[in-house]
Amino acid sequence: MIPFIDLQAQRARIADKIDSAIARVLAHGQFIFGPEVKTLEGQLAAFGGAKHCIANANGTDALVLPLWAWGVGEGDAVFCPSFTFAATAEIVPWVQATPVFVDVLPDTYNMDPASLEAAIAGVKKAGKLTPKVVIAVDLFGQPADYPAISAICKREGLKLIADSAQGYGCTLAGLHPMHWADAATTSFFPAKPLGCYGDGGATLSNDDAETVLMRSIAFHGASGDDKYNCARIGMNSRLDTIQAAILIEKLAIFAEEIRARNEVANRYAQMLEGLVTTPKVIEGGISTWAQYVVEHEKRDALAAHLREAGVPTAQYYPKPLHKQTAYESFPVGAGGLKVSEDIAHRVLALPMHPYLDGQTQTKIAGAIREFVTAGG
């Protein structure tokens, strides 16, 4: 069976460096807030085009920190796409605010600026909620249309979060999402393009005061001068030192791996032309290719055929958030979510990682060609 994401290929490349990094942490024994955490935060901020970085426990916590710091709460509307993982919307009710679901574009699967505008207008007209924040997702690794989304946010006086859980390292016109966003977040879940060996996340910011506040919230609300003097109600969300040490070694080769991922994506596009609908990247965008997602009208049959051929696949996301039990009572933006509902039945993710070789891709493409040729 071909691996869907080959984490061992990367480990084989840098195993000695990672093992040494872990050994150094074991030797100095500072398992929480060790020096590697500070080093990693500086490197992550620099790589992501930000002034500050707060390393935390997971990508979900990373998302809620800005909402908490901005005082978002009951009666506030937070706009986010429905075609994404639950974490994007999950954190909104945590602060007693209301997620309002927005549709995505049919080609990039990222937030549709026109749908966002309609959703904001609809909320303002209804008069029950106050628009406060937009969470744009860098789905499958590529940047959302930040120039358009940012312009809407500025006009409406809204904060903007770039949810880069899948897309940390992506750029648009050479710029990272932080160029437009008030905060950017990422996840270090092992399957992510930049993943650790457990859970982890980070929040990026360019605002000095907000960074101090979010760091306090992440560390039990402690004041900067005395951890036993809690200035506010907080949470416990920190990245442990061993994970930081691992990520330092992974970040050192991350730019090279992003280039390799794009080479893999380009080979797929050439091999699969005319067989399935291949991904489109926003003009001027560089994706980290967290997933390589194609479309086919007989998606389930194709997935079954590939499984029999030893090719694993995944379906992101077969049920958009607004159709899931926990979220079906929350509002849907004006104009509906036709695209999100439509593509959910057609999209299929193929094996994708920076060490996927051409020979293996040829086998994958051959299996897809066999299905299509047979009338699939």
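Residues numbered from 1 in each chain as written. Predicted model: local features only at pLDDT ≥ 70, side-chain atom pairs only at ≥ 80, totals over all residues. Heavy atoms only, no water.

**Student:** Would you mind going over the overall build of the protein chain with me for this structure?
**Tutor:** From N to C terminus, the protein chain includes 12 helices and 13 strands. A principal-axis box enclosing the C-alpha atoms of the protein chain has dimensions of 70 × 60 × 35 Å. Evaluated residue by residue, the protein chain yields a buried proportion of 55% over its 376 residues. Considering only contacts within the protein chain whose residues lie at least 6 apart along the sequence, 73% involve residues at least 24 apart. For the protein chain, the exposed area adds up to about 15,600 Å²; of that, 53% sits on carbon and sulfur atoms. Once the 32 positive and 40 negative side-chain charges of the protein chain are each reduced to a mean point, those two points are 1 Å apart. (Helix = DSSP H or I, 4+ residues; strand = E, 2+ residues; numbered from the N terminus. Buried < 20%, exposed > 50% of the residue type's maximum accessible area, 1.4 Å probe, protein only. Contact = heavy atoms within 4.5 Å. Areas by Shrake-Rupley, 256 points an atom, 1.4 Å probe, with all protein chains shown as cover. Lys, Arg positive; Asp, Glu negative; His and termini not counted. Charge placed at Lys NZ, Arg CZ, Asp CG, Glu CD.)

**Student:** So what exactly am I meant to see when it comes to helix 12 (residues 358–373) here?
**Tutor:** For an α-helix, 3.6 residues make a turn, and residues three or four places apart therefore share a direction. The end-to-end C-alpha distance of helix 12, which contains 16 residues, comes to 22 Å, matching closely the 22 Å that a straight helix rising 1.5 Å per residue would cover. The set of residues buried in helix 12 consists of T360, Q361, I364, A365, A367, I368 and F371. Summarising the axial view, the buried residues of helix 12 lie within an arc of 150°, below the 170-degree limit, and thus occupy one face. In helix 12, the exposed residues that point more than 90 degrees away from the buried face are Q359 and T373. Backbone nitrogen of Q359 and a side-chain oxygen of the N-cap are separated by 3.1 Å at the start of helix 12; the cap is D357. One or two steps after helix 12, the chain reaches G375, where phi turns positive at roughly 100°. (Expected span 1.5 Å × (residues − 1). Arc of directions from axis to C-beta. Polar contact = N/O pair within 3.5 Å; in protein donor to acceptor, adjacent residues only side chain to side chain.)

**Student:** Honestly, the packing of helix 3 (residues 59–69) against helix 7 (residues 208–218) in this entry has me stumped. Any pointers?
**Tutor:** The axes of two packed helices give the description: the angle between them and the distance between them. Where helix 3 contacts helix 7, the two axes come as close as 9 Å, and the packing angle between them is 115°. Helix 7 is crossed by helix 3, and the crossing has right-handed handedness. Within the contact between the two elements, helix 3 uses L65, P66, W68 and A69 and helix 7 uses L213, M214, I217 and A218. (Axes fitted to C-alpha atoms, helices over the stretch in contact; angles between N-to-C directions. Left-handed = near helix turned anticlockwise from the far one by under 90°.)

**Student:** Please explain the nonpolar core as it appears in this structure.
**Tutor:** In globular proteins that are soluble, nonpolar side chains generally tend to be buried together. Counting residues in each nonpolar core, the largest one holds 45 residues, and the members touching the most others are L44, F79, L116, V134 and I149. The next biggest cluster of nonpolar side chains, apart from the first, holds 29 residues, and it includes L67, A69, I91 and F101. (Core = buried A, V, L, I, M, F, W, Y, C linked by side-chain atoms within 4.5 Å.)

**Student:** Help me understand the sheet that holds strand 8 (residues 201–205) in this model?
**Tutor:** Two pairing modes exist for strands in a sheet, parallel and antiparallel, and in both the strands are linked by backbone hydrogen bonds. Spatial ordering of the open sheet is given by 1-8-7-5-4-2-3, a layout of 7 strands whose pairing is mixed. The strands lining the two open edges of the sheet, one partner per strand, are strand 1 (52–56) and strand 3 (98–102). Ignoring which end each strand starts from, the neighbouring axes of this sheet average 25° apart. With 4 bridges joining them, strand 2 (residues 76–81) and strand 4 (residues 130–137) adopt parallel strand pairing. (Pairing = 2+ DSSP bridges.)

**Student:** Looking at this model, I keep getting lost on the pattern of salt bridges. Mind explaining?
**Tutor:** Opposite charge on two side chains lets them pair, provided their charged atoms get close. Counting across every chain of the model gives 16 salt bridges. For the salt bridge of R11 with D19, the shortest nitrogen-to-oxygen distance reads 2.9 Å. For R11, a relative accessible area of 25% gives the class partly exposed. With its nearest N and O atoms 2.9 Å apart, the salt bridge here joins D208 to K51. Within this pair, whereas D208 is found in helix 7, its partner K51 is found in the loop between helix 2 (35–47) and strand 1, the two being separated by 157 residues in sequence. Residue classification places D208 among the partly exposed positions, given a relative accessible area of 40%. In this structure, a network of salt bridges that share partners links the residues E117, K124, R155 and E156. (Salt bridge = Lys/Arg side-chain N within 4 Å of Asp/Glu carboxyl O.)

**Student:** Before we go on, may I ask you to explain helix 8 (residues 241–251) in this structure?
**Tutor:** Within helix 8, 10 of the 11 residues are buried, leaving the element largely enclosed by the surrounding structure. For helix 8, the set of buried residues is T241, Q243, A244, A245, I246, L247, I248, E249, K250 and L251. Near the N-terminus of helix 8, the side chain that reaches the backbone nitrogen of I242, with its oxygen 3.0 Å away, is that of D240.

**Student:** What am I meant to see in the pairing of strand 8 here?
**Tutor:** Successive side chains on a regular strand alternate, one facing one side of the sheet and the next facing the other. Counting buried positions over the 5 residues of strand 8 gives 5, a clear majority of the element. Burial of the side chains of strand 8 extends over both faces: G201, T203 and S205 are buried on one face and A202 and L204 on the other. Relative to strand 8, strand 7 (residues 183–187) runs antiparallel, the two sharing 5 bridges. Note that in strand 8 the partner of S187 across the bridge is G201.

**Student:** In this structure, what is going on with the side chain of T108? I would like to understand it.
**Tutor:** Relative to the assigned elements, T108 resides in the loop between strand 3 and helix 5 (113–126). Residues within four places of T108 in sequence aside, it is in contact with Q142, K280 and I282.

**Student:** Explain the packing of aromatic side chains here, please?
**Tutor:** Here the distance between the centres and the angle between the planes together describe a pair of aromatic rings. Taken as a whole and assessed by the stated rule, the structure comprises 16 aromatic pairs. Considering the side-chain rings of F140 and Y317, the 6.3 Å spacing of their centres and the 15° angle between planes classify their relative orientation as stacked. Of this pair, F140 sits in the loop between strand 4 and helix 6 (146–156) while Y317 sits in the loop between helix 10 (299–308) and helix 11 (338–343), and the two are 177 residues apart along the sequence. Per residue, the accessibility class of F140 equals that of Y317, and both read buried. Summarising the aromatic geometry, the rings of Y146 and W180 are spaced 6.0 Å apart at their centres and angled 10° between planes, so their arrangement reads as stacked. (Phe/Tyr/Trp six-rings, centres within 6.5 Å; stacked < 30°, edge-to-face > 60°.)

**Student:** How should the packing of helix 9 (residues 254–271) against helix 12 be read in this particular structure?
**Tutor:** Two numbers describe how helix 9 lies on helix 12: the axes approach to 10 Å, and their chain directions differ by 30°. Our pair here, helix 9 against helix 12, has a crossing hand that is right-handed. Taken together, the residues of helix 12 that come into contact with helix 9 (itself represented by V264, R267, Y268 and M271) are G358, Q361, T362, I364, A365 and R369. When its residues are assigned to classes, the contact of helix 9 with helix 12 shows 5 nonpolar, 3 polar and 2 charged. (Nonpolar A, V, L, I, M, F, W, Y, C, P; charged D, E, K, R; others polar.)

So, to be careful, I would describe these as geometric facts and stop short of saying anything about function.
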